[in-house]
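Residue-level listing of the chains:
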Amino acid sequence: MKKTYMVFLSILFLIPLQAQATGRFTDTVGHKYETSIEFIASRGIVQGYEDGSYKPESPVNRAEIVKIVMEGSFGGSFQSKDCFPDVKTTDWYSKYVCEAKSKGIIKGYQ
């Protein structure tokens, strides 16, 4: 699955974008994907971290990739719910994971 995420992100960042960089994040100025990162941030797909950083060289975890896919593909508001034993309504990612499950995009372990 990790390879799939990397392919998705590679494709996402290679798409030519017509967005102006705004310096929204403290660590993306001058980064090779700055314009792409600003583009997806301007559409609410990513928000970065509380300290104002984006961490463009950090690996993307499963919850983050599900959020990116769901926001990028479907947008809108999703409802938090308990859909897996290890996903609780209080988890920031529960609404994305549960919506992805309901659409058949992901499934859990037996």
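Structure: see above.
Residues numbered from 1 in each chain as written. Predicted model: local features only at pLDDT ≥ 70, side-chain atom pairs only at ≥ 80, totals over all residues. Heavy atoms only, no water.

### So, the packing of aromatic side chains
Here is step 1 of the chain: One pass over the full model with this rule turns up three aromatic pairs.
Here is step 2 of the chain: Between F25 and Y54, the ring centres sit 5.1 Å apart and the planes meet at 45°, which makes this aromatic pair tilted. You can see F25 sitting in the loop between α1 (2–14) and α2 (34–42) and its partner Y54 sitting in the loop between α2 and α3 (62–73), a full 29 residues away along the chain. Each member of the pair F25 and Y54 is classed as buried.
Here is step 3 of the chain: When the centroid spacing of 5.5 Å and the interplanar angle of 90° are considered together, the rings of W92 and Y93 count as edge-to-face.
Here is step 4 of the chain: Assessed through its relative accessible area of 45%, W92 is described here as partly exposed.
Here is step 5 of the chain: Above the plane of the ring of Y49 lies K55, whose end atom (NZ or CZ) is 4.2 Å from the centre. (Phe/Tyr/Trp six-rings, centres within 6.5 Å; stacked < 30°, edge-to-face > 60°. Helix = DSSP H or I, 4+ residues; strand = E, 2+ residues; numbered from the N terminus. Buried < 20%, exposed > 50% of the residue type's maximum accessible area, 1.4 Å probe, protein only. Lys NZ or Arg CZ within 6 Å of the ring centre and 35° of its normal.)

### Remarks on helix α4 (residues 94–102)
Helical geometry: 3.6 residues make up each α-helical turn, so side chains three or four residues apart lie on a common side.
Here is step 1 of the chain: Residues of α4 that are buried include every one of S94, Y96, V97, C98, E99 and A100, and no others.
Here is step 2 of the chain: Next to the buried residues of α4 lie α3.
Here is step 3 of the chain: Among the residues trailing α4, G104 stands out with phi positive, at a value near 75°. (Contact = heavy atoms within 4.5 Å.)

### Description of unusual backbone geometry
Here is step 1 of the chain: Positioned with a positive phi, K55 is a non-glycine residue whose angle comes to about 60°.
Here is step 2 of the chain: With respect to the secondary-structure elements, K55 resides in the loop between α2 and α3.

### Describing α3
Here is step 1 of the chain: For α3, built from twelve residues, the straight-helix expectation of 16 Å at 1.5 Å per residue is met to within 8% by its first-to-last C-alpha distance of 16 Å.
Here is step 2 of the chain: Every buried residue belonging to α3 is among A63, E64, I65, V66, K67, I68, M70 and E71, and all of these are buried.
Here is step 3 of the chain: The N-cap residue of α3 is N61: its side-chain oxygen and the backbone nitrogen of A63 are 3.0 Å apart. (Expected span 1.5 Å × (residues − 1). Polar contact = N/O pair within 3.5 Å; in protein donor to acceptor, adjacent residues only side chain to side chain.)

### Quick look at the packing of α3 against α4
Here is step 1 of the chain: The interhelical angle for the contact between α3 and α4, taken along N-to-C directions, is 65°, at an axis separation of 9 Å. Taken together, the axes of α3 and α4 lie roughly perpendicular to each other. Judged by the twist between their axes, the crossing of α3 over α4 is left-handed. Residues V66, K67, M70 and E71 of α3 lie in contact with α4, whose contacting residues are Y96, V97, E99 and A100. (Axes fitted to C-alpha atoms, helices over the stretch in contact; angles between N-to-C directions. Parallel < 35°, antiparallel > 145°, perpendicular 65-115°, else oblique. Left-handed = near helix turned anticlockwise from the far one by under 90°.)

### Remarks on the pattern of salt bridges
Here is step 1 of the chain: Inspection of every chain in the model, using the stated rule, returns two salt bridges.
Here is step 2 of the chain: A salt bridge links R24 to E38; the nearest nitrogen and oxygen atoms lie 3.1 Å apart. You can see R24 sitting in the loop between α1 and α2 and its partner E38 sitting in helix α2, a full 14 residues away along the chain.
Here is step 3 of the chain: Where K103 meets E99, a salt bridge forms, and the shortest distance between an N and an O atom there is 3.4 Å.
Here is step 4 of the chain: Given the relative accessible area of 40%, K103 is considered partly exposed.
Here is step 5 of the chain: Judged by its relative accessible area of 17%, E99 falls in the buried class. (Salt bridge = Lys/Arg side-chain N within 4 Å of Asp/Glu carboxyl O.)

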